[in-house]
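What follows is the residue order along each chain.
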Amino acid sequence: MTTEQLIAEIKKKKSFLCIGLDVDLNKIPQYLLKEDDPIFAFNKAIIDATHHLCVAYKPNTAFYEAYGIKGWQALEKTIKYLNKNHPEIFTIADAKRGDIGNTSTMYAKAFFEDLGFDSVTVAPYMGKDSVEPFLTFEDKHTILLALTSNQGAFDFQTKTVDGIELYKQVLKTSKSWQNSENLMYVVGATKAEYLADIRQIIPNSFLLVPGVGAQGGNLQEVCKYGMNKNIGLLINSSRGIIYASNDNNFAKAAANKALELQQQMAELI
Ligand SMILES: O=C(O)c1cc(=O)[nH]c(=O)n1[C@@H]1O[C@H](COP(=O)(O)O)[C@@H](O)[C@H]1O
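The residue numbers shown here count from 1 along each chain, following its written sequence. Note on the predicted model: pLDDT of at least 70 is required for a residue's local features to be given, and 80 or more for side-chain atom pairs to be given and counted; whole-chain, interface and lining totals, by contrast, use all residues.

Asker: Looking at this structure, how should I read the overall build of the protein?
Answerer: Only DSSP runs of H or I with at least four residues qualify as helices, and only runs of E with at least two residues qualify as strands; both kinds are numbered from the N terminus onward. Summing up its helical and strand segments, the protein has 11 helices and 10 strands in all. With respect to the three principal axes, the spread of C-alpha positions in the protein is 55 × 45 × 35 Å. Field definition: a residue is buried when 20 or more other C-beta atoms are found within 10 Å of its C-beta, exposed when 12 or fewer are, and partly exposed for counts in between, with C-beta atoms placed from the backbone. Every one of the 269 residues in the protein was classed for burial, and the buried ones make up 48%. Contacts are defined on C-beta atoms placed from the backbone: any two residues whose C-beta positions lie within 7 Å are in contact. For the protein, contacts bridging at least 24 residues in sequence account for 71% of all contacts bridging at least 6.

Structure, rendered in structure tokens:
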């Protein structure tokens, strides 16, 4: 998907909501465990109930890898279902990959070619040659971890190296990489006060912003400092939406939570 198509969808739906499909078999309605593929059954119900309210879905691959081959098959079914039925929706494989060049190429093939995701999250720690292989894929997007939502972000990311905070170096340096127009960045919603500075460095890039809902980030704060002329934000909520209830009405309850966020977004656009 091109960035222009993503922007058009945001404007059409008045939503920049990304729903995180972080499926934990202990948290889903237990009657779904009788299904052949409970993870896919859960995702399909959530997608069917919420696709008109969001512009992106983000399965975090850990929640699939934890269930072995069955989990990976559920991930594959989920992305195929999305691509077939909702090609207008932006898909994010939240895999946080990144390795020496030839290995990164294989990661990129796995998520962009084999599975057919529009984007993948990548860690910047190994530098340019670990990220550039992801950037060579046309109309695919690499979402680089910049300033993450967790407490550990203060261990390295905000530390000053050569007179500048590490997360700012990630932003500045990555802009010089080949095909850097295919980069987006992760900034946690819990770090909203950093967004004005971040926008000075990358005014036009899309930001994936996780951490509203369960982690306590504030949507209005994020928009105040992070929104640009194309909106430029994908705000993710996972647990706050998909586990709104765990009875027969779980999909409807998830849709209600998604609607709440979408309505707040519509006011801010
Ligand atoms: O890359 C991410 O998506 C991510 C980066 C970050 O800084 N913080 C963060 O929470 N995430 C992911 O975003 C999701 C947040 O989930 P909830 O806290 O349940 O909304 C999880 O899949 C996290 O792995």
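Asker: Sorry, what's going on with the site of the ligand here?
Answerer: What surrounds the ligand is a group of 20 residues, the closest being Asn60, Thr148, Pro210, Ser238 and Arg239. Elements supplying a minimum of two residues to the shell around the ligand: β10 (233-237) and α10 (239-242). Amino acid classes used here: Ala, Val, Leu, Ile, Met, Phe, Trp, Tyr, Cys and Pro are nonpolar; Asp, Glu, Lys and Arg are charged; the rest, including Gly, are polar. When the residues that make up the shell around the ligand are grouped by side-chain class, the tally is 3 nonpolar, 14 polar and 3 charged. The criterion for a residue being near a molecule or strand is simple: its C-beta atom, placed using the backbone, must lie within 6 Å of it.

Asker: Looking at this structure, how should I read helix α1 (residues 3-13)?
Answerer: An α-helix turns once per 3.6 residues; consequently, residues spaced three or four apart project the same way. Listed in full, the buried residues belonging to α1 are Leu6, Ile10 and Lys13. Seen end-on, α1 carries its buried residues on one side only, within an arc spanning 85°. In α1, the exposed positions that point more than 90 degrees away from the buried face belong to Glu4 and Lys12. Those residues of α1 hidden inside the fold are in contact with β3 (90-97). Of the residues trailing α1, lysine 14 is marked for its positive phi of about 50°. Here, the arc refers to the directions that run from the helix axis to the C-beta atoms.

By themselves, these observations are geometric and do not establish any function.
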